[in-house]
Amino acid sequence: MIFTIVIILIVFLIVVAIVVNALQQHKDKVEAEKRTEIAKQKSIIDETENVLMAVETIPVSQKLVQILHQRVFNALKIILALNPAMPDIRQRISDAESKVKSINVDQPTPSMESFKLPDNDKLIIQYIQAIKKFRVLLRSEHSKGKVETQVFAVEEKTLATLQLRVNVETLARRANAAMQSNMLGSARQYYEKAIAALSSQTQPSEYVQVRKAELEEQLRVIQDNLRNANAQEVAKKKEEERDELDELFAPKKKW
């Protein structure tokens, strides 16, 4: 009898240990998942706030700005739900909510004509990267159902147009610099790339049509210059060959 009780107690303790261990493992798993999700949301916040720093230099709509601030607000709420004890989280949520509500989405989007290409290549690269990041975040929010399809279409078109302008004007600037250095071959390649980018537009805007015509005219001038240079080179080569023949067949002098 005592032996049976001892066996039962041992089995009971083993079962209890297994259950406790399972519960602990589950708790550890839940905590690990919470930490992973919080880290993910913090990354979303940092990423979005970094992109928002470019708002002052890029002509984007206030609607897009609101979408991104709403993204930060949503991430903060998820963090609060996962860890209510996190320091200052409630204050940050309050500040983020106030920011979202303070944005006037009816404010007109800055005109594309206000666009000005940055002064150096490093700034241009940062500019292009910022525009691409705007587009990535916008698509992400749209895929989550946070942005209406109509709003997404308008904002995506605006960003795509701005990115095209940056690419085209950068190529045009490089082409002009190459021409000034008398590097006509390089200038031609830059112009051809810019024209190809404009030609790829299925619904060309006035900017696309006008700029394409301007660049095609500049390309034509370069091509004419290259043809003239080639013709002069051919003529010079023929003249040199003629001089060599004249010298070869010239009467030998008698000494």
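Per chain, residue numbering runs from 1 following the sequence as it is written. Confidence filtering applies because this is a predicted model: local features only for residues at pLDDT of at least 70, side-chain atom pairs given and counted only at 80 or more, and all residues used for totals across whole chains, interfaces and linings. Excluding hydrogens and water, the side-chain figures rest on all heavy atoms present in the structure.

Participant: An account of the overall build of the protein is requested, with residue identities and associated values reported.
Facilitator: A run of DSSP states H or I qualifies as a helix once it reaches four residues; a run of E qualifies as a strand once it reaches two. Both are numbered from the N-terminal end. Assigned secondary structure in the protein consists of 7 helices and 0 strands. Overall, the protein shows an N-to-C arrangement of helices and strands of α-α-α-α-α-α-α. Relative to its full complement of 255 residues, the protein shows a buried share of 31%. Working rule for contacts: check all heavy atoms of both residues, and any pair within 4.5 Å makes them a contact. Sequence separation of 24 or more characterises 71% of the internal contacts of the protein that already satisfy a separation of 6 or more. Where accessible areas are quoted, they stem from the Shrake-Rupley method and a 1.4 Å probe; at the residue level, only the protein chains shown are allowed to cover. Accessible surface for the protein amounts to roughly 17,600 Å². Of this, 55% is attributable to carbon and sulfur atoms. Partly exposed residues are those whose accessible area sits between 20% and 50% of the maximum for their type, while under 20% is buried and over 50% is exposed, using a 1.4 Å probe and protein chains only.

Participant: Let's hear about unusual backbone geometry: which residues, and what values?
Facilitator: The backbone phi angle of aspartate 88 is positive, close to 65 degrees, even though this residue is not glycine. Among the secondary structure elements, aspartate 88 is positioned in the loop between helix 2 (62–82) and helix 3 (89–102). Taking the relative accessible area as the measure of exposure, aspartate 88 reaches 59% and is therefore exposed. In the Ramachandran plot, asparagine 182 falls in the positive-phi region, its phi being about 65 degrees despite a non-glycine side chain. Note on placement: asparagine 182 falls in the loop between helix 5 (149–180) and helix 6 (184–199).

Participant: With reference to specific residues and values, describe the packing of helix 2 against helix 3.
Facilitator: Axis definition: a line fit to C-alpha positions, over the contact stretch in the case of helices; interaxial angles, taken between N-to-C directions, run 0 to 180 degrees. Put simply, helix 2 and helix 3 touch, their axes get as near as 9 Å, and they point 155 degrees apart. Taken together, helix 2 and helix 3 sit at an angle that is classed as roughly antiparallel. Here helix 2 runs over helix 3; the crossing is left-handed. Contacts between helix 2 and helix 3 involve Gln66, His69, Gln70, Phe73, Leu76, Lys77, Ile79 and Leu80 on the former and, on the latter, Ile89, Arg90, Arg92, Ile93, Ala96, Glu97, Lys99 and Val100. Among the residues making up the contact of helix 2 with helix 3, the classes are represented as 8 nonpolar, 3 polar and 5 charged. Any angle that is under 35 degrees is reported as roughly parallel, and any over 145 degrees as roughly antiparallel; angles of 65 to 115 degrees are reported as roughly perpendicular and all others as oblique. Two helices that cross are described as forming a left-handed crossing if the nearer one is turned anticlockwise from the farther one by less than a right angle, and a right-handed crossing if clockwise. Any residue that is not Ala, Val, Leu, Ile, Met, Phe, Trp, Tyr, Cys, Pro, Asp, Glu, Lys or Arg is counted as polar, Gly included; the first ten are nonpolar and the last four charged.

Participant: How would you sum up a nonpolar patch on the surface? Please name residues and give values.
Facilitator: Any residue with relative accessible area above 30% and no salt bridge may belong to a patch, with like charges joined within 9 Å and the nonpolar Val, Leu, Ile, Met, Phe, Trp and Tyr side chains within 5 Å. Any Lys or Arg side-chain nitrogen found within 4 Å of a carboxyl oxygen on Asp or Glu counts as a salt bridge. Residues Ile2, Phe3, Val6, Ile7, Ile10, Val11, Ile14, Val15, Ile18, Val19 and Leu23 make up a contiguous nonpolar surface patch of roughly 1,000 Å² in combined accessible area. Within the secondary structure, valine 6 is located in helix 1 (residues 2–52). We classify valine 6 as partly exposed; its relative accessible area is 38%.

Participant: Run through the nonpolar core, naming residues and quoting values.
Facilitator: The biggest cluster of nonpolar side chains holds 28 residues, and the ones touching the most others in it are Ile58, Val60, Tyr127, Phe134, Leu138, Leu162 and Val166. Of all the secondary-structure elements, those providing two or more residues to this core are helix 1, helix 2, helix 4 (121–143) and helix 5. Here this core gets 8 residues from one element, more than from any other, and that element is helix 4. Only buried residues count toward a nonpolar core, which is a set of Ala, Val, Leu, Ile, Met, Phe, Trp, Tyr and Cys residues joined through side-chain atoms within 4.5 Å.

Participant: Go over helix 2, please, and point to the residues and values.
Facilitator: To estimate the expected span of a helix, count its residues, drop one, and scale the result by 1.5 Å. Compared with an ideal rise of 1.5 Å per residue, which puts 21 residues at 30 Å, helix 2 spans 30 Å between its outermost C-alpha atoms and is within 8% of the ideal. When you tally the buried positions in helix 2, you get 15 out of 21 residues, the bulk of the element.

Participant: Would you mind going over the packing of helix 5 against helix 6 in detail, with residue names and values included?
Facilitator: Where helix 5 meets helix 6, the axes come as close as 8 Å, and the angle between the chain directions of the two elements is 160 degrees. In terms of their interaxial angle, helix 5 and helix 6 are classed as roughly antiparallel. Crossing hand, helix 5 versus helix 6: left-handed. Two secondary-structure elements touch here, helix 5 through Leu164, Val168, Leu171, Arg174, Ala175, Asn176, Ala178 and Met179 and helix 6 through Ser186, Ala187, Tyr190, Tyr191, Lys193, Ala194, Ala197 and Leu198. Broken down by class, the residue content of the contact of helix 5 with helix 6 amounts to 12 nonpolar, 2 polar and 2 charged.

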